[in-house]
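# Coordinate inspection notes
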Amino acid sequence: MKILIVGSGVDAWLTAAVLATAARGVAEIVVHETAPPAGGPLIGLPALHGLHSRLGIEVGTPLLGLRHGGAVEPFGDTGAALEGLPFHHYWLRAGDGAPLEAWSLNAQAAARGRFALRSQDPRSPLSTLDHGLLLDAAEYAETLKAAALKAGAVLVDNRPDADLVVDASGEASDWIDWSAWLPAGARLTNVENRIATFAHDAPLKAGRRAQAVTRNVVAIGGALASIGAADGGDLHLLQTTVSRLAALLPTGRAAVAEFNRLTALAVERARDMAILRWGDLSNPPEELAWKIAQFESRGRVVSYDEETWPEQAWVHALLARGITPKRWDPLVERAPLAQTREMLGRMKAVLEQTAEAMPHA
């Protein structure tokens, strides 16, 4: 089987690196590079570390979290699930006035200009750390290119025939328009103490391709969707799309239908987070409206298939847009309020002491 990748930059070379590594001995991976890689900053979510490990690469500067507006959305753990209930329910009940990120070691470290890598010891508070990555797009593309070629991908000057063609051109067609929800995209404006800050005024043609696979052509990256998520959503969507491509190799009718179904779900979940963070919430998509209603009513985060972001990221983003639950899970009331407040106070103090002891960033 021959797979031809047409395009450039991170879209093309991340695809080539993953497919060449996953399909070694099964498929021939050929790349027709159409342009030099574009530069500029990229954000990678913590989930990118697993992919980098499989590809054998190390690249990027660690980030502890994101800032949209005045709110910090830290990576890593915030608090801890207690008796099977998400931490934010205990925080809501305690109501001591401290923001939720006060129970994030990532946020505590960033506030002090400190940094450390995650500990593998689950008993250590450092095990709650995790970090994303600040990447330069051109440098990252070259790193991925080297990994792809090492894994057996072949760079060609002309476009040959292939069983499957991956469109990594970044050019949209047959577009479902989302500009009413996302009239502008995010852009990185600053990184301070390993927290990335964004403005939300970047030019954007928001939407997705109606079908990811048409005949024998698979759209990925910017050719598949545009949500303007400079905060890592676009890159994570690329990563998951390529992983799905490697798993399904959609050449038969059933595989194509399943690839299209799962990819549409993943794109829409990434879109919903972008809308929540900086888009128009006056008439959100049905799934996002339900997620907001459930959280506002009782603090529950609804999870759909193919979610891009973990539950804690949704909690931080919902709170940042001023969406606060009217009530908490009544099961948190099994302990006296004073005991809950004391427990949260001890937890916060441990995180503060741990952050103070971390090395300067």
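Residues numbered from 1 in each chain as written. Predicted model: local features only at pLDDT ≥ 70, side-chain atom pairs only at ≥ 80, totals over all residues. Heavy atoms only, no water.

### Topic: the layout of surface pockets
- Counted as a void, the largest pocket has a volume near 830 Å³.
- Taken together, 34 residues form the lining of the largest pocket, with Asp-11, Leu-42, Gly-222, Asp-234 and Leu-235 sitting closest to its centre.
- At the level of elements, helix 1 (9–22), strand 3 (41–44), strand 11 (185–192), strand 16 (225–226) and helix 6 (233–248) are the ones that each hand at least two residues to the lining of the largest pocket.
- Here the lining of the largest pocket gets five residues from one element, more than from any other, and that element is helix 6.
- For the lining of the largest pocket, the class distribution of residues is 19 nonpolar, 12 polar and three charged.
- The calculated volume of the second largest pocket comes to roughly 300 Å³.
- Of all the elements, helix 9 (residues 311–320) adds the most residues to the lining of the second largest pocket, at three residues. (1 Å grid on protein atoms, 1.4 Å probe; cavity = no way out; pocket = protein on both sides within 12 Å on 5 of 7 lines; lining within 4 Å. Points joined across faces, edges and corners; volume = space filled by probe spheres on them. Helix = DSSP H or I, 4+ residues; strand = E, 2+ residues; numbered from the N terminus. Nonpolar A, V, L, I, M, F, W, Y, C, P; charged D, E, K, R; others polar.)

### Remarks on the side chain of Lys-145
- Summarising the element assignment, Lys-145 is placed in helix 5 (residues 137–150).
- What makes Lys-145 buried here is its relative accessible area of 16%. (Buried < 20%, exposed > 50% of the residue type's maximum accessible area, 1.4 Å probe, protein only.)

### Re the pairing of strand 7 (residues 132–136)
- Judged from the four bridges that link them, strand 3 and strand 7 form a sheet pairing that is antiparallel. Paired with Gly-44 across the strands is Leu-133, a residue of strand 7. (Pairing = 2+ DSSP bridges.)

### Here's the deal with the packing of helix 7 (residues 253–278) against helix 9
- The geometry of helix 7 relative to helix 9 is characterised by a closest axis approach of 9 Å and an angle of 30° between their N-to-C directions. The orientation of helix 7 relative to helix 9 falls into the category roughly parallel. By crossing handedness, the relation of helix 7 to helix 9 is classed as left-handed. Contacts from Arg-269, Asp-272, Met-273, Leu-276 and Arg-277 in helix 7 reach Ala-313, Trp-314, Ala-317 and Leu-318 in helix 9.
- Here the contact of helix 7 with helix 9 is composed, by residue class, of six nonpolar, no polar and three charged. (Axes fitted to C-alpha atoms, helices over the stretch in contact; angles between N-to-C directions. Parallel < 35°, antiparallel > 145°, perpendicular 65-115°, else oblique. Left-handed = near helix turned anticlockwise from the far one by under 90°. Contact = heavy atoms within 4.5 Å.)

### Comments concerning the environment of Pro-310
- Assignment of secondary structure puts Pro-310 in the loop between helix 8 (286–298) and helix 9.
- In sequence terms Pro-310 and Phe-75 are 235 residues apart; their C-alpha atoms lie 9.9 Å from each other.

### Section: the sheet that holds strand 16
- One open sheet holds the three strands; their spatial order is 10-13-16, and the pairing between them is antiparallel. Unpaired on one side and paired on the other, strand 10 (175–177) and strand 16 mark the two borders of the sheet.
- Relative to strand 13 (residues 207–209), strand 10 runs antiparallel, the two being bridged by three bridges. Within strand 13, the residue paired with Trp-175 across the bridge is Arg-209.

### Section: the sheet that holds strand 9 (residues 164–168)
- The strand order across the open sheet formed by six strands is 8-2-1-9-15-14, and the pairing between neighbours is mixed. Among the strands making up the open sheet, the edge pair consists of strand 8 (154–156) and strand 14 (213–214).
- Inspection of the sheet shows strand 2 (residues 28–33) paired to strand 8 by three bridges, in the parallel sense. When the bridges of strand 8 are listed, His-32 appears paired with Val-156.

### Brief notes about the pattern of salt bridges
- Counting across every chain of the model gives 20 salt bridges.
- When the shortest N-O distance is used, the salt bridge between Glu-296 and Lys-326 registers 3.8 Å. With Glu-296 in helix 8 and Lys-326 in the loop between helix 9 and helix 10 (337–357), this pair connects stretches of sequence that are 30 residues apart.
- Owing to a relative accessible area of 32%, Glu-296 belongs among the partly exposed residues under this scheme. (Salt bridge = Lys/Arg side-chain N within 4 Å of Asp/Glu carboxyl O.)

### Considerations on unusual backbone geometry
- A positive phi angle, near 55°, is found at Glu-83, a position not held by glycine.
- With respect to the secondary-structure elements, Glu-83 resides in the loop between strand 6 (71–74) and helix 3 (87–94).
- The exposure class of Glu-83 is exposed, given its relative accessible area of 62%.
- At Asn-193, a position not held by glycine, the phi torsion is positive, near 55°.
- Relative accessible area serves as the criterion here: at 36%, Asn-193 is assigned to the partly exposed category.

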